[in-house]
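Listed here are the chains, written in short residue letters.
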Amino acid sequence: LSYTISSLHFTAFAVGILLVGLGGGRLIERVGRWRALWIGASGMSLSVLLLLAGKTPVLTIGASFLMGLVGSLILAIVPSALSDRHGEMRAVAFVEANLVTSLVVTSAPLMVGWFAHPIGNWRLALAIVAVAPILMYLGFRKISLPTTISTPQNQTQTRQPLPGLFWVFWATIILAVSAEFCIVFWSADYLENVLRLAKADATQAVSFFFVGMVLGRMAGSRLAQRFSAPHVVTASVLVASIGFLAFWQARIAALGLGGLLVIGLGIANLYPLLLSLTLGTASNNTVQASARATLASGVAILTLPLVLGRLADAVGIGLAFGVVMLLLAGIFLIIQIAGRVSPAQERMA
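Sequence order sets the numbering: in each chain, residues are counted from 1 along the sequence as written. Given that the model is predicted, a residue must reach a pLDDT of at least 70 before its local features are reported, and side-chain atom pairs must reach 80 or more before they are shown or counted; all residues, however, enter totals for whole chains, interfaces and linings. Side-chain descriptors were evaluated using all non-hydrogen atoms of the structure, hydrogens and water having been removed beforehand.

Caption draft 1: Representation of the overall build of the chain. Note on conventions: DSSP H or I runs of at least 4 residues are helices, E runs of at least 2 residues are strands, and numbering of each starts at the N terminus. If you tally the helices and strands in the chain, you get 17 helices and zero strands. What you see for the chain is a C-alpha radius of gyration of 20 Å, in line with the 20 Å of a compact globule of 349 residues. Structurally, the chain occupies a C-alpha span of about 60 × 45 × 35 Å along its principal axes. The contact criterion used throughout is that any non-hydrogen atoms of two residues lie within 4.5 Å. Of the contacts made within the chain by residues no fewer than 6 positions apart, 85% connect residues no fewer than 24 positions apart. The quantity called the radius of gyration is restricted to C-alpha atoms. Its globule counterpart is 2.2 Å times the number of residues to the power 0.38.

See below:
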């Protein structure tokens, strides 16, 4: 597959997320968080099975679309539920929830590589994923999710537009998710074509990024309790930038893998902390805000990996990867500006 055709899988996934971001909030309010959560989980299982059965790009891209359309209900439900349950401690909760996610995600490229080498069929890794929601349901079906108390004030707030500061932080989510998914989707190709690793080894090497994210979120859970979210975000961007420059300029595999690890350390806490800042502007209107935050993820996944893929086809994967540095710089600038605007708004209030 060409870089462009490969990136269409993420594009289809993102289109599904966009649709949930636009209308998912109403669906969740209609059927309830708990039922919508399991609809999303079972939808992911079905999508994986379709991906396994697909033998042409049309089928595999279609399965990716279904993943985004149904599975991303989880993205809209979990943050709002955590925000309602933990209130001012939502930043810590988001980081710790994403730490658990990172521990699971780290196994994905490892499993693909393990099954590809001795058995010769990487699809077995996806087959294991297909049964995971069934096991989750058996283990967690009796757990309850917090519900927002329906009051006239909350209903009025739901109908009101989200504040301007929400959309400022919403833009940083787009940049952060774009940077993360560009690394996830294209770093294996970069390692293979620029640093000359074998394809299976390059795929496994992406785990360095995920290991960095696990370590970063372990540290981030502590840092979020001691420092404000904007300060931790600023430090994270600087760490990610240093790691990216080392990765991007590397000409030997060891330095590139070390840079990939440091990128993971920095990027690890960007999404959960920026999501916390975004939902923190929405008061009790967390369902709508969380759905709109999911929309930001969809926009990011829809555009940037595809843009990077087109650039890679045109100028090569090495030069095209510089887009990630621009994304990190954008986050840094917006956070510095928002940090000055927010106190001014509080004084006016």
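Caption draft 2: Seen up close, the environment of Ala-116. Here Ala-116 shows up in helix H6 (residues 107-119). Along the sequence, Ala-116 and Ala-200 sit 84 residues apart, while their C-alpha atoms lie 7.1 Å from each other. Filtering out sequence-adjacent residues up to four positions away, Ala-116 remains in contact with Asn-121 and Trp-122.

Caption draft 3: Structural context of helix H12 (residues 229-249). Helix span, expected: 1.5 Å multiplied by one less than the number of residues in the helix. Taking 1.5 Å per residue, 21 residues should reach 30 Å; H12 reaches 30 Å between its end C-alpha atoms and fits that length. Between buried and exposed lies partly exposed: a residue is buried under 20% and exposed over 50% of the maximum accessible area for its type, with that area taken using a 1.4 Å probe on protein chains only. If you check which residues of H12 are buried, you get Ala-229, Val-232, Val-233, Thr-234, Ser-236, Val-237, Ala-240, Ser-241, Gly-243, Phe-244, Phe-247 and Trp-248.

Caption draft 4: Local environment of a nonpolar patch on the surface. Each patch is built from residues that are more than 30% exposed by relative accessible area and take part in no salt bridge. Like charges join if they lie within 9 Å; nonpolar side chains (Val, Leu, Ile, Met, Phe, Trp, Tyr) join within 5 Å. To measure how exposed things are, a 1.4 Å probe is used in the Shrake-Rupley method; for residues, cover is taken only from the protein chains shown. The salt bridge definition used is simple: a Lys or Arg side-chain nitrogen within 4 Å of an Asp or Glu carboxyl oxygen. On the surface, a nonpolar cluster with roughly 640 Å² of combined accessible area is contributed by Val-100, Leu-103, Val-104, Val-211, Leu-215, Met-218, Val-239 and Leu-265. Counting only elements with at least two residues in the nonpolar patch, the list comes to helix H5 (90-105) and helix H11 (207-226). By secondary structure assignment, the location of Val-104 is in helix H5.

Caption draft 5: Broad picture of the packing of helix H9 (residues 164-193) against H11. Running from N to C, H9 and H11 cross one another at 145 degrees; their axes reach a closest spacing of 9 Å. Listed contacts from H11 to Glu-180, Ile-183 and Val-184 of H9 are Phe-209, Phe-210 and Met-213. Considered class by class, the residues forming the contact of H9 with H11 number five nonpolar, no polar and one charged. Only C-alpha atoms enter the line fits that serve as axes; for helices the fit covers just the stretch in contact. Angles between N-to-C directions range over 0 to 180 degrees. Classes in brief: Ala, Val, Leu, Ile, Met, Phe, Trp, Tyr, Cys and Pro nonpolar; Asp, Glu, Lys and Arg charged; the others, Gly included, polar.

Caption draft 6: Layout of the confidence of the model for the chain. Values of pLDDT, ranging from 0 to 100, describe the predictor's confidence in every residue of the model. Taken residue by residue, the chain gives an average pLDDT of 84. The fraction at 70 or more is 93%. Looking over the chain, one finds the lowest element-wise mean pLDDT in helix H8 (residues 152-159), namely 48, and the highest in H12, namely 95. Note that residues 149-158 has pLDDT below 50 and, in this model, eleven contacts with residues that lie over four places away or in other chains. In this model, residues 344-349 is a region of pLDDT below 50 whose contacts with residues beyond four sequence positions or in other chains number one contact.

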